[in-house]
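Descriptive analysis of the structure
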Amino acid sequence: MSETPFIITIDTEGDNLWARPREITTRNAEYLPRFQSLCERFGFKPVYLTNYEMAMSDAFVEFARDVLARGACEVGMHLHAWNSPPLVPLTSDDFHYQPYLIEYPDPVMKEKIKVVTRLLEARFDRAMTSHRAGRLGFDGRYAAMLLDEGYRVDCSVSPHLDWRGTPGDPNGNGGTDYTHFPDSPYFLSPSDISAPTSAGLLEVPMTIRSSGLYRRAPWVYRIPLLRQMANRLVSPALNHLCPAESNLRGMLRAARTARAEGAAHVDFSLHSSELMPGGSPTFRNAWDIERLYEHLEILFEDLSTLCRGMSLKDFHASFRQSPGEAVPNGSGEGISDPATNQEMVRA
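Throughout, residues of each chain are indexed from 1 in the direction in which the sequence is written. Where local features are concerned, this predicted model is filtered to residues with pLDDT of at least 70; where side-chain atom pairs are given and counted, the filter is 80 or more; whole-chain, interface and lining totals use all residues. Think of the side-chain values as coming from all heavy atoms in the structure, minus any hydrogens and water.

**Here we look at the packing of helix α1 (residues 32-41) against helix α3 (residues 58-69)**
Condition: Angles here are taken between N-to-C directions and fall from 0 to 180 degrees, while the axes themselves are lines fitted to C-alpha atoms, restricted in helices to the stretch in contact. What counts as a helix is a DSSP run of H or I of at least four residues, what counts as a strand is a run of E of at least two, and both are numbered from the N terminus. Angles below 35 degrees are treated as roughly parallel, those above 145 as roughly antiparallel, those between 65 and 115 as roughly perpendicular, and all remaining angles as oblique. Definitions for this section: a left-handed crossing has its near helix turned counterclockwise from the far helix by less than a right angle. A right-handed crossing has that turn clockwise. In what follows, a contact means two residues having at least one pair of non-hydrogen atoms within 4.5 Å.
Axis separation between α1 and α3 bottoms out at 11 Å; the angle between their running directions is 15°. Compared by their axis directions, α1 and α3 come out roughly parallel. Seen along the crossing, α1 lies across α3 with a hand that is right-handed. The segment α1 lies against α3, with Leu32, Pro33, Gln36 and Glu40 engaging Phe60, Phe63 and Val67.

**Description of the packing of aromatic side chains**
Just so we agree on the cut-off: To pair, rings of Phe, Tyr and Trp, with the six-membered ring standing in for Trp, must have centres within 6.5 Å; the planes then decide the type, stacked if under 30 degrees apart, edge-to-face if over 60, and tilted in the middle. Any residue under 20% of the maximum accessible area for its type is buried, any over 50% is exposed, and the rest in between are partly exposed; the area is computed with a 1.4 Å probe on protein chains only. The criterion for a charge sitting over a ring is simple: Lys NZ or Arg CZ within 6 Å of the ring centre, and within 35 degrees of the ring normal.
Taken as a whole and judged by the stated rule, the model has 15 aromatic pairs. Aromatic pair Phe44 and Phe300: ring centres 5.4 Å apart, planes at 90°, arrangement edge-to-face. With a gap of 256 residues between them, Phe44 in the loop between α1 and β2 (47-50) and Phe300 in helix α10 (residues 286-304) connect regions that are remote in the sequence. Exposure class is identical for Phe44 and Phe300. Each is buried. What links up through ring pairs into an aromatic cluster is the set Phe6, Phe35, Phe42, Phe44, Phe268 and Phe300. A cation over an aromatic ring shows up here: Arg34 above the ring of Tyr293, its NZ or CZ 3.8 Å from the ring centre. Against the face of Tyr100 rests Arg135, its NZ or CZ located 4.7 Å from the ring centre.

**Some remarks on the environment of Pro185**
Residue position: Pro185 is located in the loop between β5 (153-154) and β6 (186-189). Taking relative accessible area as the criterion, Pro185 reaches 1% and is therefore assigned buried. Separated by 31 residues in sequence, Pro185 and Asp154 have C-alpha atoms that sit 9.9 Å apart.

Pasting the structure below:
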């Protein structure tokens, strides 16, 4: 079996946005060199999907420009609509509600994408081609606007998950339902972002795999007592290749399951602030961070024997030469019950 492309995507954003701060700090930029060194030691090339406040952080820009000059990372775009210019109020308190970009009028969406893209290009002196939506809110209008701005890769799709119950604008419809989306890379059309087509924006979904028990008997996870037993004795319904969502065992299971299925890629994701003590609700102190790095060492060591590191831009180039066939997820069901879905509200 050939080596599987391994892509590391970092939502590079301000400190602990889960707390909904009105003044956003970016101290987590100081903690990124340690993670970058770990990636380089294993030959991996992280993609820093960067939002507005991090693009304005001189500390992050200095760090990233140095790594870019060495060809050891990629910088792409991550957009949080509520604090990205132009600031056009959508709700009574956008910093509290954190509305999705797709909830804004089209002209505002376009201008926000354009302004953040131009800022990133000016700060890093290169074109932006890769993107992940803030809070994973994505639709066909958004895809079309990204293509107009020269983007070629998106990684917003989180297979199996339904975000409609996670509100932005309290008068809106919540986030995007990815229940029936493919979990393999595919070119998408703005007319239907869930349907593979022959060309367009390359979608590289996050690596999330359902457990064998969930595939065979999803009803088990709908009954609280049985779900607790299954989570403890077998596996959670979903295993994410993401340390905020799954423990080490779950991450290894997600990666190994994907590879066993012949996946065209595996995608590891986390937030830059999760590398800083107190930068997120999950990793609250120095002990949590040291434990995280212990797990990353084991995970990366395991994947280094099976995978080869690639950036999203590199993956796009190789996928165009030899496109894979997108395969819809096999469960036919998504996770939307907050008690079942262990997913944090993504920033």
